[in-house]
Amino acid sequence: DVKVTQSSRYLVKRTGEKVFLECVQDMDHENMFWYRQDPGLGLRLIYFSYDVKMKEKGDIPEGYSVSREKKERFSLILESASTNQTSMYLCASSTSGGALETQYFGPGTRLLVL
Amino acid sequence: AQKITQTQPGMFVQEKEAVTLDCTYDTSDQSYGLFWYKQPSSGEMIFLIYQGSYDEQNATEGRYSLNFQKARKSANLVISASQLGDSAMYFCAMREGNPDSGAGSYQLTFGKGTKLSVIP
């Protein structure tokens, strides 16, 4: 079974703090993704990576950065957390090609920024 | 214009009945993929079913089937014999382009979801 894990299920941080969200997958997938999910807005892509050290901006990259030093790990960084970054963050991974490109998701991290 | 439209914010279905969740999409690509995910209240997104644009047969996975009508650009999810555990949010998503060709997009675009409640 594909397994995608995220470092925290719940996180509470203060405005201005630097926040790291970690994601690890065990299926040797090339592609990894970070989304945020907000009520009424659905899932929106923040960043994705198709290879180690490679990254591409998604629809809402402002205020975020990412790091992919190893194939299995993809980190989302909030350099200076703000209250409007309170959200559910979902990590996903996939390989490429037809049905194989299915994205598999982690359990999510609910982040509250006070 | 929205690329994925789910017009039903909420649906109710009686246990053991079948239910159809609607999804329409908008793309000018010839090659694309359509996905359905389930999100229970616990938060994880669970992959249910996939349909490729060139697949001639409708996809099926156990109690889930995808009613794919290409000309109408619709990809409705049908859940047969509903169970209480089917109560969840359901999301339709689309990947445009063909990653195998190197020119495709890896990105999934999601609809806003439908909340399904199964009544005992």
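Every value quoted in this text rests on a predicted model; they were computed, and no experiment measured them.

Student: How should the overall build of chain A be read in this particular structure?
Tutor: Scanning chain A for helices and strands turns up zero helices and eleven strands. Reading the helices (α) and strands (β) of chain A from amino to carboxyl end gives β-β-β-β-β-β-β-β-β-β-β. Against the 2.2 N^0.38 benchmark of 13 Å for 114 residues, chain A shows a C-alpha radius of gyration of 13 Å, consistent with a compact globule. Seen through its principal axes, chain A has C-alpha atoms that stretch 40 × 30 × 25 Å. Residues counted as buried form 49% of the 114 residues belonging to chain A. A separation threshold of at least 6 residues defines the contact pool for chain A, and within that pool the share at least 24 residues apart is 56%. When the accessible surface of chain A is totalled, it reaches about 5,400 Å², and 51% of it is carbon and sulfur.

Student: I would appreciate a short explanation of the overall build of chain B in the present structure.
Tutor: Check the secondary structure of chain B and you find zero helices and twelve strands. When the elements of chain B are put in sequence order from the N terminus, they spell out β-β-β-β-β-β-β-β-β-β-β-β. By the compact-globule yardstick of 14 Å for 120 residues, chain B fits well, its C-alpha radius of gyration being 14 Å. In terms of principal-axis extent, the alpha carbons of chain B reach across some 45 × 30 × 25 Å. Counting all 120 residues of chain B, 48% fall into the buried class. Taking the intrachain contacts of chain B between residues at least 6 apart in sequence as the baseline, contacts between residues at least 24 apart amount to 56%. Counting every atom, chain B has about 5,800 Å² of accessible surface; 48% of that belongs to carbon and sulfur. Charged side chains in chain B number 10 positive and 12 negative. The centres of these two groups are separated by 5 Å.

Student: Got a minute to help me understand the environment of Gln-2 of chain B in this structure?
Tutor: Residues and elements named next belong to chain B. Tracing the sequence through the fold places Gln-2 in the segment before strand S1 (4-5). Under the relative-accessibility criterion, Gln-2 is labelled partly exposed at 46%. Taking the C-alpha atoms as reference points, Gln-2 and Thr-24, separated by 22 residues in sequence, lie 9.7 Å from one another. Ignoring anything within four residues of it in the chain, the contact list for Gln-2 reads Asp-26 and Lys-112.

Student: What's the story with the nonpolar core in this structure? I'm lost.
Tutor: For soluble globular proteins, the rule of thumb is that nonpolar side chains tend to be buried together. Grouped together as the largest cluster of nonpolar side chains are 24 residues, with contacts concentrated most on Tyr-25, Trp-36, Ile-49, Leu-77, Tyr-90 and Leu-116 of chain B. The element best represented in this core is strand S10 (residues 88-96) of chain B, accounting for four residues. Discounting residues that sit within four places of it in the chain, Ile-49 of chain B has contacts with Leu-34, Phe-35, Trp-36, Ala-59, Thr-60, Glu-61, Tyr-64, Ser-65, Leu-66 and Leu-77 of chain B. The next biggest cluster of nonpolar side chains, apart from the first, holds 20 residues, and it includes Leu-11, Leu-76, Leu-78 and Cys-91 of chain A.

Student: Any chance you could explain the packing of aromatic side chains here in plain terms?
Tutor: Two measures describe an aromatic ring pair: the distance that separates the ring centres and the angle between the ring planes. Per the counting criterion, the structure on display carries 13 aromatic pairs over all chains. Judged by centre distance (6.3 Å) and plane angle (25 degrees), the rings of Phe-33 of chain A and Tyr-35 of chain A are stacked. For the pair Phe-33 of chain A and Tyr-35 of chain A, a shared accessibility class is recorded, and that class is buried. Judged by centre distance (5.9 Å) and plane angle (65 degrees), the ring pair of Tyr-37 of chain B and Phe-47 of chain B falls under edge-to-face. Taken together, the residues Tyr-37 of chain B in strand S5 (residues 32-39) and Phe-47 of chain B in strand S6 (residues 46-52) connect sequence positions ten residues apart. Here a set of aromatic residues connected by ring pairs shows up, and it is made of Phe-33, Tyr-35, Phe-48, Tyr-104 and Phe-105 of chain A together with Phe-35, Tyr-37, Phe-47, Tyr-50 and Phe-110 of chain B. Above the face of the Tyr-64 of chain B ring, Arg-63 of chain B is positioned so that its terminal group lies 5.7 Å from the ring centre.

Student: Any chance you could explain the interface of chain A and chain B here in plain terms?
Tutor: Many descriptions give the size of an interface as the accessible area lost when the pieces come together. Tallying the contact residues gives 27 residues for chain A and 20 residues for chain B. Summed over both partners, the interface of chain A with chain B buries about 1,800 Å², with 57% contributed by carbon and sulfur atoms. Looking at the side of chain A facing chain B, the largest losses of area belong to Leu-43, Glu-101 and Phe-105 of chain A, adding up to 25% of the total buried there. Counting every contact that joins chain A to chain B gives zero salt bridges. At the junction of chain A and chain B, the tally comes to three residue pairs in polar contact (both at pLDDT 80 or more). Secondary structure elements with two or more residues in the side of chain A that touches chain B: strand S4 (31-38), strand S5 (42-49), strand S9 (87-94) and strand S10 (104-105) of chain A.

Student: Would you mind showing me how to read the sheet that holds strand S7 (residues 65-70) of chain A here?
Tutor: Two pairing modes exist for strands in a sheet, parallel and antiparallel, and in both the strands are linked by backbone hydrogen bonds. Residue and element names in this part refer to chain A. If you trace the four strands from one edge of the open sheet to the other, you get S1-S3-S8-S7, paired in antiparallel fashion. Two strands close off the open sheet at either side, each with one partner strand: strand S1 (4-6) and S7. Averaged over neighbouring strand pairs, the angle between their axes works out to 20 degrees when direction is ignored. Bridge count for S1 against strand S3 (residues 19-25) is three bridges, and the pairing is antiparallel. Bridged to Thr-5 within S3 is Val-24.

About the thresholds
Numbers given to residues run from 1 along each chain, matching the order in which its sequence is written. Chains and ligands are labelled sequentially in the order written, the chains with letters from A and the ligands with numbers from 1. Note on the predicted model: pLDDT of at least 70 is required for a residue's local features to be given, and 80 or more for side-chain atom pairs to be given and counted; whole-chain, interface and lining totals, by contrast, use all residues. As a rule here, side-chain values cover all heavy atoms of the structure and leave hydrogens and water aside. By the criteria applied, helices consist of DSSP H or I runs no shorter than four residues and strands consist of E runs no shorter than two, each listed in order from the N terminus. C-alpha atoms define the radius of gyration in this analysis, and the globule rule sets the expected value at 2.2 Å times the number of residues to the power 0.38. Three exposure classes are used, based on accessible area relative to the maximum for each residue type with a 1.4 Å probe and protein chains only: buried under 20%, partly exposed in between, and exposed over 50%. Throughout, a contact is declared for two residues whenever any of their heavy atoms are within 4.5 Å. In this description, accessible areas are obtained by the Shrake-Rupley approach with a 1.4 Å probe, and a residue is regarded as covered only by the protein chains that are shown. Positive: Lys, Arg. Negative: Asp, Glu. His and the chain ends are not part of the count. Each charge is placed at NZ for Lys, CZ for Arg, CG for Asp and CD for Glu. For this analysis, a nonpolar core means a set of buried residues of the types Ala, Val, Leu, Ile, Met, Phe, Trp, Tyr and Cys, connected via side-chain atoms within 4.5 Å. Side-chain rings of Phe, Tyr and Trp (the six-membered ring for Trp) are treated as a pair once their centres are within 6.5 Å; stacked means planes under 30 degrees apart, edge-to-face means over 60, and tilted covers the remaining angles. Only Lys NZ and Arg CZ are tested; either one counts as a charge over a ring when it is within 6 Å of the ring centre and within 35 degrees of the ring normal. For any pair of parts, buried area is found by adding up, for both, the accessible area (1.4 Å probe) each one loses once the two are put together. When a carboxyl oxygen of Asp or Glu is within 4 Å of a side-chain nitrogen of Lys or Arg, the pair counts as a salt bridge. Definition of a polar contact: a pair of N or O atoms within 3.5 Å, with one able to donate and the other able to accept a hydrogen when the atoms are protein atoms, and with sequence-neighbouring residues admitted only if both atoms are side-chain atoms. Pairing between two strands is assigned when DSSP locates at least 2 bridges connecting them. Axis lines are fitted through C-alpha atoms, for helices just across the contact stretch, and the angle between N-to-C directions can take any value from 0 to 180 degrees.

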